[in-house]
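Fold and geometry: a report
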Amino acid sequence: MTAQPARPGRRGPETAPATAAPPFKPPLVRAVFRDVTPLHVSRSAAWAAASVTRTVLTEIIDGARRAAAEQSRKKLIPGDLISATDRDVELEVGGTWYVHSPTFRCRTGDLYDADGVLVPLRERRGTRTPSAVAGAHRFEAGVRRLLRSRGARAVPAVVRDLDGIASVFLTDLARGAAVVVREGGVKRFGTVVLGTPDEAAAPLGTPDEAAAPPFPKDVLGALSTRTGDRRTVGSDDVLAATTTVLFGDLRQRALTGARAHA
């Protein structure tokens, strides 16, 4: 009698390795860059930007999963996104999307004009929908792949919010990379850099500077001066832009993952 092969057991979500392919493909990333800059985007830059975006969404999804698990739920609801970002300020990215999402109404609140009259949401959003918001639906397939890879299920509203956050964040990253190319590097004023209290850098010239951790100060310094032509966005430009839109441990993880694809 022929033995039946053993059925594989179900396994929980595992942390995706840094070299795993991002769920957002280069053509989509380049389309987002085209919305904000006429510069050519190299393939390595597209992969780096996709990797950074994946890292950000992965952290948000994992935070939402933890919030859902505390309430013995497996399917994510909008409140889980609020809990995830409330618990970790590093995850508050893509803020432009908040104005367009009922989920984050508690963040944006009501807006009143000088006469004390409530400003309608349509007027707050502006007469022209930003391209990052209008194009958010392009990210749905990648968001669903990422949710599956994390072993998560979500209601449609959560998928919509993750679409919007991904679109707005990647658009901000593209703008930042274009600025890096245009200005020839990351422009810093004095010794002030965005970071958490644990990352506070000692003033220049002190004995503690040499013993300071290599991140983020050395990373920012290495990316502050750009090399290469002024017509192409490279992976280093994306990495430099990442240091301006993220901070803390999330920035470290995003840079590490992006370098694996550069």
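Keep in mind the model is a prediction, meaning the values are calculated, not measured.

1. A few points about the overall build of the protein
Secondary structure assignment for the protein yields 12 helices and four strands. Per-residue burial for the protein yields a buried fraction of 44% across its 262 residues. In the protein, the share of contacts with a sequence separation of at least 24, taken over all contacts with a separation of at least 6, comes to 73%. For the protein, the computed accessible surface area is about 14,200 Å², with 53% contributed by carbon and sulfur atoms.

2. Some thoughts on the packing of aromatic side chains
Here the structure, examined in full by the defined rule, presents one aromatic pair. Aromatic pair Phe24 and Phe139: ring centres 5.4 Å apart, planes at 65 degrees, arrangement edge-to-face. With a gap of 115 residues between them, Phe24 in the segment before helix 1 (26-36) and Phe139 in the loop between helix 6 (131-134) and helix 7 (140-149) connect regions that are remote in the sequence. You'll find Phe24 and Phe139 in the same group, each marked buried.

3. Describing the environment of Thr58
Turning to its location among the elements, Thr58 is positioned in helix 2 (residues 43-70). Along the backbone, Thr58 and Val143 are 85 residues apart, and their C-alpha atoms lie at a distance of 9.6 Å. Setting aside residues no more than four positions away along its own chain, Thr58 makes contact with Leu146 and Arg150. One polar contact links the side chain of Thr58 to the main-chain carbonyl oxygen of Arg54, over a distance of 2.8 Å.

4. Details of the environment of Ile77
On the secondary structure map, Ile77 appears in the loop between strand 2 (75-76) and helix 3 (78-87). Distance from Ile77 to Ala67, taken between C-alpha atoms, is 9.8 Å for residues 10 residues apart in sequence.

5. Topic: helix 8 (residues 156-183)
In this model helix 8 runs 41 Å from its N-terminal to its C-terminal C-alpha over 28 residues, within 8% of the 40 Å that 1.5 Å per residue would give. Across the 28 residues that make up helix 8, a large majority, 20, are buried. Note on helix 8: the residue one or two positions beyond its end, Gly184, has a positive phi of about 80 degrees.

6. Thoughts on unusual backbone geometry
One non-glycine residue, Ser72, lies in the positive phi region at around 60 degrees. Relative to the helices and strands, Ser72 is located in the loop between helix 2 and strand 2. Taking the relative accessible area as the measure of exposure, Ser72 reaches 72% and is therefore exposed.

7. Comments concerning the packing of helix 1 against helix 8
Between helix 1 and helix 8, the least distance of the axes is 9 Å, while the angle of their chain directions is 60 degrees. With respect to helix 8, the element helix 1 is oriented oblique. Relative to helix 8, helix 1 is oriented so that their crossing is right-handed. Of helix 8, the residues touching helix 1 (which contributes Val29, Val32, Phe33 and Val36) are Leu170, Thr171, Ala174, Arg175 and Ala177. Class assignment of the residues belonging to the contact of helix 1 with helix 8 gives a composition of seven nonpolar, one polar and one charged.

8. Digging into the nonpolar core
If you look at the biggest cluster of nonpolar residues, it comprises 51 residues, and the most contacted ones within it are Phe33, Leu57, Ile60, Leu76, Leu147, Leu162 and Val238. Elements supplying a minimum of two residues to this core: helix 1, helix 2, helix 3, helix 7, helix 8, helix 11 (235-245) and helix 12 (248-261). Ignoring any residue separated from it by four or fewer positions in sequence, one finds Leu162 in contact with Leu57, Ile60, Ile61, Leu81, Val143 and Leu147.

9. Brief notes about helix 2
Under the 1.5 Å per step criterion, the end-to-end length of helix 2 is 41 Å for 28 residues, consistent within 8% with the ideal 40 Å. Along helix 2, 22 of the 28 residues are buried, which leaves the element largely enclosed by surrounding structure. Of the residues flanking the end of helix 2, it is Ser72, one or two places downstream, whose phi is positive at about 60 degrees.

10. Observations regarding the pattern of salt bridges
Summed over the entire model, instances satisfying the criterion amount to eight salt bridges. For Arg253, the salt bridge is made with Glu59, and the minimal N-O distance between the two is 3.1 Å. Pair noted here: Arg253 is in helix 12 and Glu59 is in helix 2, with a separation of 194 residues, a long-range link. Measuring nitrogen to oxygen at the nearest pair gives 3.7 Å for the salt bridge that ties Arg65 to Asp62.

11. Examining the confidence of the model for the protein
Reading fine detail from the predicted coordinates is not recommended where pLDDT is low. Mean pLDDT over the protein works out to 75, with 63% of the residues at or above the 70 mark. Predicted confidence is poor over residues 200-219, with pLDDT under 50, and the contacts of this stretch with residues over four places away or in other chains come to 19 contacts.

Conventions used here
- Residues numbered from 1 in each chain as written.
- Predicted model: local features only at pLDDT ≥ 70, side-chain atom pairs only at ≥ 80, totals over all residues.
- Heavy atoms only, no water.
- Helix = DSSP H or I, 4+ residues; strand = E, 2+ residues; numbered from the N terminus.
- Buried < 20%, exposed > 50% of the residue type's maximum accessible area, 1.4 Å probe, protein only.
- Contact = heavy atoms within 4.5 Å.
- Areas by Shrake-Rupley, 256 points an atom, 1.4 Å probe, with all protein chains shown as cover.
- Phe/Tyr/Trp six-rings, centres within 6.5 Å; stacked < 30°, edge-to-face > 60°.
- Polar contact = N/O pair within 3.5 Å; in protein donor to acceptor, adjacent residues only side chain to side chain.
- Expected span 1.5 Å × (residues − 1).
- Axes fitted to C-alpha atoms, helices over the stretch in contact; angles between N-to-C directions.
- Parallel < 35°, antiparallel > 145°, perpendicular 65-115°, else oblique.
- Left-handed = near helix turned anticlockwise from the far one by under 90°.
- Nonpolar A, V, L, I, M, F, W, Y, C, P; charged D, E, K, R; others polar.
- Core = buried A, V, L, I, M, F, W, Y, C linked by side-chain atoms within 4.5 Å.
- Salt bridge = Lys/Arg side-chain N within 4 Å of Asp/Glu carboxyl O.
- pLDDT = per-residue confidence, 0-100.

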